[in-house]
Structures are given as C-alpha cells and as structure tokens.
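As a plain string of letters, each chain reads:
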Amino acid sequence: MKSADDRSELKRAVLTAPLWMQATKSSSRQVADAVGLSQSFVARTWKEFMEPDPEIESIRALLAERQMVLGGLAVGPTGSCLVLNPSRASRLRYPASLSTSSKRRLRMVLAADLLRGVVPDPSYTNDRPDLWSSLNSSGLGLAEESIVLLSGNFEVPAGARPSVHLTDAWQWQKLVAALDLLPEVPTGEMLADLEWRMRRWYHGGRQPFSWTVDRKDPLGMASRADDVLGAGNALAEEILSAIRQGLVDGTFVGESEISLGMLNRLLGAPVRDIRAAVRALTEDGLVTAARSDSVVVRIPSLDDVSETYMARRALGAILVRAASRWSVEDRSRVKNYLDELSDCARRNDVARAHYLDLDFQIALFEGSGLSRIPAILETLTKQAFMHFAVMGARYAFSPKIILDQNTEIFDAIDAGDLRAATLSWQTKMDVGLNYLAQHISAMNAINERRGMNPG
C-alpha cells in the first residue's frame, strides 16, 4: 500500500506532466503513458480536484456574481498569484463556463504552482516578479472589483487586498472547479497563450514567472509568430463562439458583413491573427469571406442543412459504436456533461443546454478512440450549430429533449447495445434536421412575402 506522501508525489506527477509532455492534447491516456501510471489513476486525480470544497465554492460564488477575465499570473519560489479583473470586453453576453480544451489548459497552468519549491535560483527573494508593474503599465491595474488569488506565501504590495489566500498547495489545484466559470471568450485564447509560455518556462529553467494579458513576454523569448502558432486554433474557436453568440443576441444578423476590425475590438487579438484564424474557419465552411477584411455567415438552404445532417448521421453511427470501447476517463467526461444537462433541464436553461449539447457530442466523438472521423464530425457539428444561430432558432430547442436524446445514447453505449445506440443517434439527427427544416421553410415564406410586399 502506498503512503500518503507517495500518493501525493504520484498526483504531482500527473498534474505537472502536461508542462513537459510533447503532446499538447494531454489526454488521460497520454498522461498515463508518459508518467507510467494507470489511466484510471490519472482520471481519478483529475476528478479529485473538481470535487466541491467550501473555500473554492466561495470563489465560484464571486465569479457567478459578475463576469471576470484573466488579468495576470505570477509563479514565484514561495507561492503563486492569479489576478482576475472585471470584464470590459464587449457588448456580447458571452456564455459562462470554459470549453473542455480550456479547462485542460487551466489545469496545466495551475499545476505550475506545484513546482514552486524547486525554483533553481536560491538567491531570488522578490516574490513579485514584475506582475504589478506589468499590470499598471498595461492599464490593467487592480480595480475595486478585481479578485486576487494567492497561494503559499506569495507577497502582495501594500494596498492590494487578496480575495482568497490558499496556503495548501493542493487547494490551489482545486481552483479549476471555480475558474471554469470564466467566459470562454476571451479566456480560451489567453489560456492557449499561457499554455505555450508555461511550457517554455518549464524547459527554460523555471525562473520566477510573470504574465499579463498585454502579451508582454516575461522571459524575453517569445516571438509574435510563435504566439500565432501556439494560439491560432484557440482564436478560431473564440471567433466562432463570438459570432454565434452575436447572431443569437442580435449583434450580428445572417448575411450581414462582420469586419475583422469588429472582431479585433471584441476579442482584443491583432487583425493579422484574426485574418489567419478566419481563413481556417472559411476552409471549414463555418464562415464565408465577403472581402479581404470581412466575413459573412450565410443563411443556410435546406440542401445545406440536409447535407450536413446526413453526413453527421452516417459518421456519428460509426463513432457511437466505437465509443463502446471508451476509457474510464472518456466515459466520465461524457457523463459529466450529461449530468450538467440534467441540471439545465431542471432549470430550463436553454442557452446553457445548447453549449453542453455541443460539448457532449464532441466528448463522445473523442471517446471513440478513432483518429480521423472525430475531427471531421466535430466540424460538421459546429456547422449545424452555426445554422441554429444564424436563424435565431438556437434558444428554442427544449433542454428536456436534448437531455432525453443524449441519455438514450449514453445508456445504450454504456450497456453495450450498439444497435440501440446507433438508432438513438440517428433519431437525434432526424429530429434536429426536421426542426431546422421547419425554421428554414418559415424563413423562406417570410422572405417571399417581403419580396412581394417590399413596403
């Protein structure tokens, strides 16, 4: 039987492995292989730090009251500091909760605190490596509503009032259970940038680390091209999320042009980075280039929607069968989304249920263990969700129906009934297609009337 100290070291190995692993996915299977432990142990470790904790719940309550965004992070030899500032980003009502990939990045960023005792320079005594001066110089100094989170014995300047001080290093790891309430836009891009920088920090000797959202490089090693490579995919996801949300809340409408300048103002990313990310979205058919400096989201035809759903119906049938071989961790991820959907159905939270349905499907695809089809199906699924958004139909679909559909699929896979799982998936696709077809017909009728009676 392993001692408590042994188990702590194993957990430390699991949580810090993504800092040095070459693979950026860092799935439970990849981490288990890298550290020589079982996949179930990795999954249990991750789950442990998502468990409710009174002090973490108090932080979660703060984040539930108002929207916050990352402001800065520092890791010193005796502790860490995370600064959250009130969101000033845009008019868009970004949905709370991080995506699966952003939560993975957040877990890796928090894990750096577990290495603070092995900073190699014993002569370093200043526990505030440029964080405060960087925040001030970037115009992001502490506001009255800012949240300052500390671990260990990290020192703060006079006048800065820590919101929460976590002296236990393991409690710091539990922050992922509260910080998942940060908005995916723009947090996802920030975490992608942090992930890249923390890997560089780890391999560069782990000197005291400081980062702020103005993207200044605390280690003097980053180039802008490296930033683009490290965060390009995340930026494309954020653009997609912002456009979808804008279509729903009326900021954008179907067929209208969305300029790259507008996306720059919403997300704070340089236009040249946005242009590269938009190019990738255009190649996937998620947006259409209008001119060199703008995009449009086309109102889909019935043929567009039918083609997307038929492809999802066929490819999804393959994946739900393959998902019967899912790992313990993959099953747990899918089940967690199902549990969250159940809560949404009880509260009739239509907007949140929509996002969870997307996460549920992507987690299901990834759990299949197949390598090529999940990526294709994920793109098709995002196309379908964009169709909902551009027609304004996104918030009308019942969370109870979504829950029932996904529960049937999950239960059938869990029971090894592959025929039932396939039929349940196909039924879900058929219901979705019929729902969209009705809205397209209604929109076409309205447009025809407008054409006949332009006044």
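Above: the structure in question.
On a predicted model such as this, the values are computed, not experimentally measured, just so you know.

K.L.:
Help me understand the overall build of the protein chain in this model?
P.N.:
Counting secondary structure elements, the protein chain contains 18 helices and eight strands. Burial status across the protein chain gives 51% buried among its 455 residues. Sequence-distant contacts in the protein chain: of pairs separated by 6 or more residues, those separated by 24 or more amount to 77%. By element, 50% of the accessible surface of the protein chain is carried by carbon and sulfur atoms, the whole surface being about 20,200 Å².

K.L.:
Even after reading the chapter, I still don't get the pattern of salt bridges, so can you show me in this structure?
P.N.:
Side chains bearing opposite charge may pair, as long as their charged atoms lie close to each other. Tallying each qualifying case throughout the model produces 18 salt bridges. Between glutamate 366 and arginine 333 there is a salt bridge, and its shortest N-O distance comes to 2.8 Å. Pair noted here: glutamate 366 is in helix 15 (residues 350-366) and arginine 333 is in helix 14 (residues 328-347), with a separation of 33 residues, a long-range link. According to the relative accessible area criterion, glutamate 366 is partly exposed, its value standing at 31%. Salt bridges here are not isolated pairs; linked through shared partners, they connect Arg29, Glu329, Asp330, Arg333 and Glu366.

K.L.:
Where do I start with helix 9 (residues 184-203) in this structure?
P.N.:
Along its 20 residues, helix 9 runs 28 Å from first to last C-alpha, staying within 8% of the 28 Å computed at 1.5 Å per residue. Most of helix 9 sits out of view: 18 of its 20 residues are buried. A positive backbone phi angle near 110 degrees is found at glycine 205, which sits one or two residues after helix 9.

K.L.:
Before we go on, may I ask you to explain the packing of aromatic side chains in this structure?
P.N.:
Given two aromatic rings, their pairing is described by the distance between the two centres and the angle made by the two planes. Tallied over the entire structure, the rule returns four aromatic pairs. Measuring from centroid to centroid gives 6.1 Å for tryptophan 201 and phenylalanine 209, while their planes differ by 65 degrees, and the two rings are edge-to-face. For tryptophan 201, a relative accessible area of 2% translates into the label buried. The exposure class assigned to phenylalanine 209 is buried, which follows from its relative accessible area of 0%. A centroid spacing of 6.0 Å and a plane angle of 80 degrees characterise the contact between phenylalanine 365 and tryptophan 425, whose relative ring orientation is edge-to-face. Of this pair, phenylalanine 365 sits in helix 15 while tryptophan 425 sits in helix 18 (residues 418-452), placing them 60 residues apart in sequence.

K.L.:
Got a minute to help me understand the pairing of strand 2 (residues 80-86) in this structure?
P.N.:
Within a regular strand, the side chains alternate between the two sheet faces. By the criterion of burial, strand 2 is predominantly enclosed, with seven of the seven residues buried. Pairing analysis gives seven bridges linking strand 1 (residues 68-75) to strand 2, with the strands arranged antiparallel. Within strand 2, the position partnered with glycine 72 by the bridge is valine 83. Hairpin geometry of strand 1 and strand 2 is characterised by an intervening segment of four residues between the two adjacent antiparallel strands. Here four bridges tie strand 2 to strand 3 (residues 147-151), and the two strands are oriented antiparallel to one another. The residue bridging valine 83 from the neighbouring strand is valine 148, located in strand 3.

K.L.:
I'm lost on the nonpolar core in this one. Help?
P.N.:
The nonpolar side chains of a soluble globular protein tend to be buried, and buried together. With 36 residues, the main nonpolar core has Leu70, Leu84, Leu149, Leu175, Leu179, Leu194 and Met198 as its most contacted residues. Residues contacting leucine 175, with those up to four places away along its chain left out, are Ile56, Ile59, Leu110, Leu149 and Leu166. Leu341, Leu356, Phe397 and Ile440 belong to the second largest nonpolar core, which has 35 residues in total.

K.L.:
Mind showing me how you'd approach helix 14 here?
P.N.:
Helical periodicity: at 3.6 residues per turn, an α-helix aligns residues three or four positions apart in one direction. Between its terminal C-alpha atoms helix 14 stretches 29 Å, which fits the 28 Å expected from 20 residues at 1.5 Å a residue. Of the residues making up helix 14, those classed as buried are Glu329, Asp330, Arg333, Val334, Tyr337, Leu338, Leu341 and Cys344. As for helix 14, its buried residues are in contact with helix 2 (28-35), helix 3 (39-48), helix 5 (100-111), helix 15 and helix 17 (399-414). Phi turns positive one or two residues past the end of helix 14, at asparagine 348, with a value near 55 degrees.

K.L.:
Even after reading the chapter, I still don't get the environment of serine 27, so can you show me in this structure?
P.N.:
For serine 27, the location among the structural elements is in the loop between helix 1 (4-20) and helix 2. Relative accessible area serves as the criterion here: at 27%, serine 27 is assigned to the partly exposed category. For the pair formed by serine 27 and alanine 43, sequence separation is 16 residues and the distance between their alpha carbons is 9.4 Å.

K.L.:
Got a minute to help me understand the environment of alanine 420 in this structure?
P.N.:
Here alanine 420 is to be found in helix 18. Residue classification places alanine 420 among the partly exposed positions, given a relative accessible area of 25%. Between the C-alpha atoms of alanine 420 and isoleucine 409, which are 11 residues apart in sequence, the distance is 7.7 Å.

K.L.:
Teacher, can you tell me more about the sheet that holds strand 7 (residues 288-291) here?
P.N.:
Two strands in a sheet stick together by hydrogen bonds in their backbones, pointing the same way (parallel) or opposite ways (antiparallel). Here we have three strands laid out as an open sheet, ordered 6-8-7, and antiparallel in their pairing. In this open sheet, the two edge strands, each paired with only one partner strand, are strand 6 (257-259) and strand 7. Mean inter-strand twist for the sheet, computed between neighbouring axes without regard to direction, equals 40 degrees. Pairing between strand 7 and strand 8 (residues 294-296): three bridges, direction antiparallel. Across the sheet, alanine 289 pairs through a bridge with valine 295, a residue of strand 8. Against the sheet, helix 11 (residues 260-267) makes contact with strand 6 and strand 8, and its axis sits at roughly 60 degrees relative to strand 6, the strand it touches most.

Reading guide: rules and limits
Residues numbered from 1 in each chain as written. Predicted model: local features only at pLDDT ≥ 70, side-chain atom pairs only at ≥ 80, totals over all residues. Heavy atoms only, no water. Helix = DSSP H or I, 4+ residues; strand = E, 2+ residues; numbered from the N terminus. Buried < 20%, exposed > 50% of the residue type's maximum accessible area, 1.4 Å probe, protein only. Contact = heavy atoms within 4.5 Å. Areas by Shrake-Rupley, 256 points an atom, 1.4 Å probe, with all protein chains shown as cover. Salt bridge = Lys/Arg side-chain N within 4 Å of Asp/Glu carboxyl O. Expected span 1.5 Å × (residues − 1). Phe/Tyr/Trp six-rings, centres within 6.5 Å; stacked < 30°, edge-to-face > 60°. Pairing = 2+ DSSP bridges. Core = buried A, V, L, I, M, F, W, Y, C linked by side-chain atoms within 4.5 Å. Axes fitted to C-alpha atoms, helices over the stretch in contact; angles between N-to-C directions.

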